[in-house]
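Topology and contacts: notes
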Amino acid sequence: MKRFLFSLALALLASTNLSFAQEIEVSVDRTELARGETLTYTIRVFDQRQGMQLDLTPLTENFDVLGTRTSSQIRSINGSVESWTDYIVTLFPLTEGDLEIPSLTINSVDTDPIAISVVNQGPRSNQSAEELFLEVEVNKDSVYVQEQLLFTVRLFYTINGIRNPQFTELEMPDTVIQLIGSPNQYERLIDGVRYGVYEKRYVIFPQRSGPLEIPDILFRGEVTDGSSNFVFRNLNTRRVTAFIDGLTIDVKERPVAAQNNDIWLPVTSLTLEESFDRDINNLQVGDSVVRTITMVAEGLDGAVLPPFSDSEIEGANVYPDPAEIDRTFVEGEIVGTRVEQSTIVAVQDGNIVIPEISIPWWNVDTDRQEATVVPSTRIAVAAVEGAVPSEQMVASEGDIEELLSTVPVVDQDMIDAQAQADFIEVDAFWLNALITLAFLIVLFSIYRLVLVPNRPAIHGFFAAQRSRIAEHYDPANNEGVAFGNLKRACRTNDMAEIREALILWCDHFLDSRTVASMEDILQQREVPELHSFATAIQAQLFNGGTNATGFDSGELLNTATTLRAEKARASKAMAQHERYALPPLYKT
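Summarised in this report is the structure supplied together with it. (Residues numbered from 1 in each chain as written. Predicted model: local features only at pLDDT ≥ 70, side-chain atom pairs only at ≥ 80, totals over all residues. Heavy atoms only, no water.)

**Considerations on the overall build of the protein chain**
If you tally the helices and strands in the protein chain, you get ten helices and 32 strands. A total of 588 residues make up the protein chain; the buried ones form 33% of that total. At a minimum sequence separation of 6, the contacts of the protein chain that also span at least 24 residues come to 67%. When the accessible surface of the protein chain is split by element, carbon and sulfur atoms take 52% of a total near 36,300 Å². (Helix = DSSP H or I, 4+ residues; strand = E, 2+ residues; numbered from the N terminus. Buried < 20%, exposed > 50% of the residue type's maximum accessible area, 1.4 Å probe, protein only. Contact = heavy atoms within 4.5 Å. Areas by Shrake-Rupley, 256 points an atom, 1.4 Å probe, with all protein chains shown as cover.)

Set out below in structure tokens:
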């Protein structure tokens, strides 16, 4: 008889476990889809009487979670009532090939993984081609290393109300990538159909030769028909996606004719302009002139342009200023500018020759090497009239700071002239007394005219400020102060203080409900890590214990600290996402 009862109990237990394992089902709307399309993943939980939070993190390895929604249903057949809740997740595959939707752990039950296949069927979207499609464009099929490559991606659409547009970020090794300005929005007429166009332009500088793989471009956005209201915002929003293959660009190494050059500038045009701030044909020894040379290169950033001014000129001292570097975009192409300015001081008479400047560069339009030259300049410097050669300036051969720090020589004539100069002596006592008296009169006037008549208002202001500060740092109004009380309570090991401090801190920390008792902590599902601590505290107090002899208050404090850090990181990530999210294409 005992064996029979034991076998029956095992059978009932197995039946219970089997039925429990069947309380959760997962399914997809299809197992084969094209690149750029979305997938609907449904988690059905039977007999779900209240909402729950699902951890969808395992899905993010191969998919983007575009949205979630729930649907609850109840069905009665021949008196048998069945109810379930569907958690519907929209997934966007990140890559093509054979992928797997991994197993999820829900209510201590592991769901079954689901295999899907993502194939590349060319440019496409989850809308019709007349409503939404992508286009990519490059200005060249091959470029030299460090030459600019212009890349453009365009989204064409006829549906209104596209919001939150997101494109694949261009990330390629050994390249420098810059977004040209802000995205452009305009309209284009194609075969009699008027399309809206959302365009992003990039300039890419490959840093090594070989094939350059520009990745596939994926677009994701939202569409709303504008029928949302104040209570249910985005009620009729749906996800839209589009996909287009990437490109392969051939990056060529330096041509043989330019491999031995110290400078490599693959551009369409390079110019040099020289100017002086004064007439250089009328200089004397000791005069200075400011020389400015401007280099403009079409096709490179100003930051990569080399220095070119002379630092030494025979017969003159040269004092260069820091170079001014800039870049602009002209008709979609980058234009770099480098301006070098130096002050030239003539230190001897005669002819001073400023050497020529020659900058070699590679013309990518004609595919040949060229050079831009600033010719040498000859300056005739006259001697100072009436000065003997020893009084002329000489070229400095030492350090300029050392020369400036030399003590000047003073002769007797200079001392006698200074002694005969007129001077005025002022007695500072009466001036200081007058300033002090004026200051005291101003202070007394402020006190009688401003402070005395408004004394009640001033006292009221300071009292209100003290009250506001005290209210701000009250544990009931400040989560940080409440957490500090919890830390002090955990160090004292007083169970009653720990209980009160934990309730007050949880009331601040938990967003899902108001916490006024330990039962509220046990009933919340937002932070289940606190359940075991709340149960242990209740048991300790119920048994009459006031000191935490059997309770690990340090573990409670570590758990609370970890929860605060995780929530702070999540809040920071959310704020950063909202700050850098793209604005909607159309205002709704």
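**Observations concerning the pattern of salt bridges**
Opposite charge on two side chains permits pairing when their charged atoms draw close. Going through the model one piece at a time under the given rule, you end up with 17 salt bridges. In this structure, Arg 30 engages Asp 29 in a salt bridge whose closest nitrogen and oxygen atoms are separated by 4.0 Å. When its relative accessible area of 29% is taken as the criterion, Arg 30 is described as partly exposed. Its salt-bridge partner being Lys 567, residue Asp 511 comes within 3.3 Å of it at the nearest N-O pair. (Salt bridge = Lys/Arg side-chain N within 4 Å of Asp/Glu carboxyl O.)

**As for the sheet that holds strand E22 (residues 266–267)**
The strand order E22-E30-E31 describes an open sheet built from three strands, whose pairing is mixed. Each having just a single partner strand, E22 and strand E31 (368–374) make up the two edges of the open sheet. (Pairing = 2+ DSSP bridges.)

**Structural notes on the sheet that holds strand E9 (residues 114–119)**
Two orientations exist for strands paired in a sheet by backbone hydrogen bonds: parallel and antiparallel. Ordered by their spatial adjacency, three strands build an open sheet running E2-E9-E6, and the pairing between neighbours is mixed. Only two strands of the sheet have a single partner each, and these edge strands are strand E2 (32–34) and strand E6 (97–101). This sheet shows a mean twist of 30 degrees between the axes of neighbouring strands, independent of strand direction. Pairing of E6 with E9, which is carried by five bridges, proceeds in the antiparallel orientation. (Axes fitted to C-alpha atoms, helices over the stretch in contact; angles between N-to-C directions.)

**Observations regarding helix H6 (residues 479–492)**
The end-to-end C-alpha distance of H6 is 20 Å, a good match for the 20 Å that 14 residues give at a rise of 1.5 Å each. Sitting at the head of H6, Asn 478 places a side-chain oxygen 2.9 Å from the backbone nitrogen of Gly 480. Once H6 finishes, Asn 493 follows within two positions and takes phi at roughly 60 degrees, a positive value. (Expected span 1.5 Å × (residues − 1). Polar contact = N/O pair within 3.5 Å; in protein donor to acceptor, adjacent residues only side chain to side chain.)

**So, the environment of Thr 105**
Considering the arrangement of structural elements, one finds Thr 105 in strand E7 (residues 105–106). Once the C-alpha coordinates of Thr 105 and Leu 56 are considered, the two residues, 49 residues apart in sequence, prove to be 9.5 Å apart. A distance of 2.7 Å separates a polar atom in the side chain of Thr 105 from a polar atom in the side chain of Asp 110.

**What to know about the nonpolar core**
If you look at the biggest cluster of nonpolar residues, it comprises 34 residues, and the most contacted ones within it are Leu 134, Phe 151, Ile 214, Ile 217 and Phe 219. Sorting elements by how many residues they give to this core places strand E13 (residues 149–157) first, with five residues. In this view, Phe 219 contacts Leu 132, Leu 134, Leu 155, Ile 162, Pro 165, Gln 166, Phe 167, Val 240, Thr 241 and Ala 242; residues no more than four positions away in its chain are not counted. (Core = buried A, V, L, I, M, F, W, Y, C linked by side-chain atoms within 4.5 Å.)

**Description of the packing of aromatic side chains**
Considering all chains together, one arrives at 13 aromatic pairs under this definition. Arranged with centres 6.2 Å apart and planes meeting at 40 degrees, the rings of Phe 151 and Tyr 202 form a pair that is tilted. Linking Phe 151 in strand E13 with Tyr 202 in strand E17 (residues 193–206), this pair joins segments that are 51 residues apart in sequence. Each of the two residues, Phe 151 as well as Tyr 202, counts as buried. (Phe/Tyr/Trp six-rings, centres within 6.5 Å; stacked < 30°, edge-to-face > 60°.)

**Topic: the environment of Tyr 186**
On the secondary structure map, Tyr 186 appears in strand E16 (residues 184–190). Sequence spacing of Tyr 186 and Val 197 is eleven residues, and the spatial spacing of their C-alpha atoms is 5.3 Å. Beyond its immediate stretch of four places on either side in the chain, Tyr 186 contacts Arg 154, Tyr 195, Gly 196, Val 197 and Glu 199. Among the polar contacts listed, one links the side chain of Tyr 186 to the side chain of Glu 199, at a separation of 2.9 Å.

**Quick word on the side chain of Thr 292**
Within the element layout of this structure, Thr 292 appears in strand E25 (residues 288–298). You can call Thr 292 buried: its relative accessible area is 14%. Engagement of the side chain of Thr 292 in a polar contact is seen with the side chain of Gln 341, the distance being 3.0 Å. With residues near it in sequence (within four places) discarded, Thr 292 still touches Glu 273, Glu 274, Ser 275, Val 339, Glu 340 and Gln 341.

**Description of the packing of helix H7 (residues 495–509) against helix H9 (residues 531–542)**
Contact geometry of H7 with H9 gives a least axis separation of 10 Å together with a crossing angle of 145 degrees. Read as a crossing pair, H7 and H9 show a hand that is left-handed. Between H7 and H9, the contacting residues are Met 495, Ala 496, Ile 498, Arg 499 and Leu 502 on the first element and Ile 537, Gln 538, Gln 540 and Leu 541 on the second. For the contact of H7 with H9, the residue count by class is six nonpolar, two polar and one charged. (Left-handed = near helix turned anticlockwise from the far one by under 90°. Nonpolar A, V, L, I, M, F, W, Y, C, P; charged D, E, K, R; others polar.)

**Focus: the pairing of E31**
Relative to E31, strand E30 (residues 357–363) runs antiparallel, the two sharing seven bridges. Looking at E31, one finds that Ile 357 is bridged to Val 374. Taking the residues that link successive antiparallel strands as the turn, the E30-E31 hairpin has four residues, and the phi of Asp 367 there is positive, at about 55 degrees.

**Details of a nonpolar patch on the surface**
A contiguous nonpolar patch, built from Val 442, Phe 444, Ile 446, Tyr 447, Leu 449, Val 450 and Leu 451 and spanning about 680 Å² of accessible area, is present on the exposed surface. Within the element layout of this structure, Val 450 appears in helix H4 (residues 428–451). (Patch = residues over 30% accessible without salt bridge, like charges linked within 9 Å, V, L, I, M, F, W, Y side chains within 5 Å.)

**Describing the packing of H6 against H7**
Contact geometry for H6 and H7: axes closest at 8 Å, N-to-C directions at 155 degrees. Looking at the two axes, H6 sits roughly antiparallel to H7. Judged by the twist between their axes, the crossing of H6 over H7 is left-handed. Note on element contacts: H7 touches H6 through Glu 497, Ile 498, Ala 501, Leu 502, Leu 504, Trp 505 and His 508, opposite Glu 479, Ala 482, Phe 483, Asn 485, Leu 486, Ala 489, Cys 490 and Thr 492. When grouped by side-chain class, the residues that make up the contact of H6 with H7 number ten nonpolar, three polar and two charged. (Parallel < 35°, antiparallel > 145°, perpendicular 65-115°, else oblique.)

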